[in-house]
Structure formats: structure tokens, C-alpha cells
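Fold and contact review
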Amino acid sequence: MNEEKFYKDGISKMLSTIHNVDWLLKIYSFIKVFAEDKED
């Protein structure tokens, strides 16, 4: 495996991970707001 391909794969994996984390944080904050709403 050449270095350039390795870096490109690493960057695309990193970007998709960041995208997934961003998506999870949106869901988490939505659930958190919803849960706090129910507690009152």
C-alpha cells in the first residue's frame, strides 16, 4: 500500500467519523432537551 493512498483513506475515514460524531451529537442534544422537558 503506497503512502498517498494510506493518507487519503485515513482522511476519508476521519471525515466520515467526524460526520458521524456530529450526527450523534445532534441526536444526543435533541434527546437531552426532550428528557429535560419531561422532567418538569
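Values in this document were obtained by computation on a predicted structure and should not be read as measured data.

Digging into the packing of aromatic side chains
A full pass over the atoms with the stated rule returns one aromatic pair. On the basis of an interplanar angle of 65° and a centroid distance of 5.8 Å, the ring pair of Phe-6 and Tyr-7 is categorised as edge-to-face. Taking the relative accessible area as the measure of exposure, Phe-6 reaches 49% and is therefore partly exposed.

Focus: a negative patch on the surface
Residues Glu-36, Asp-37, Glu-39 and Asp-40 make up a contiguous surface patch of negative charge. Residue classification places Glu-39 among the exposed positions, given a relative accessible area of 66%.

Some words on the environment of Lys-32
Here Lys-32 lies in helix α1 (residues 3–39). Judged by its relative accessible area of 42%, Lys-32 falls in the partly exposed class. A C-alpha to C-alpha distance of 24 Å links Lys-32 and Ser-16, two positions 16 residues apart in sequence.

Here's the deal with a nonpolar patch on the surface
On the surface, Phe-6, Tyr-7, Ile-11, Met-14, Leu-15 and Ile-18 cluster together into a nonpolar patch covering about 650 Å² of accessible area. Relative to the elements of secondary structure, Phe-6 occurs in helix α1.

Procedures and definitions
Residues numbered from 1 in each chain as written. Predicted model: local features only at pLDDT ≥ 70, side-chain atom pairs only at ≥ 80, totals over all residues. Heavy atoms only, no water. Phe/Tyr/Trp six-rings, centres within 6.5 Å; stacked < 30°, edge-to-face > 60°. Buried < 20%, exposed > 50% of the residue type's maximum accessible area, 1.4 Å probe, protein only. Patch = residues over 30% accessible without salt bridge, like charges linked within 9 Å, V, L, I, M, F, W, Y side chains within 5 Å. Areas by Shrake-Rupley, 256 points an atom, 1.4 Å probe, with all protein chains shown as cover. Salt bridge = Lys/Arg side-chain N within 4 Å of Asp/Glu carboxyl O. Lys, Arg positive; Asp, Glu negative; His and termini not counted. Charge placed at Lys NZ, Arg CZ, Asp CG, Glu CD. Helix = DSSP H or I, 4+ residues; strand = E, 2+ residues; numbered from the N terminus.

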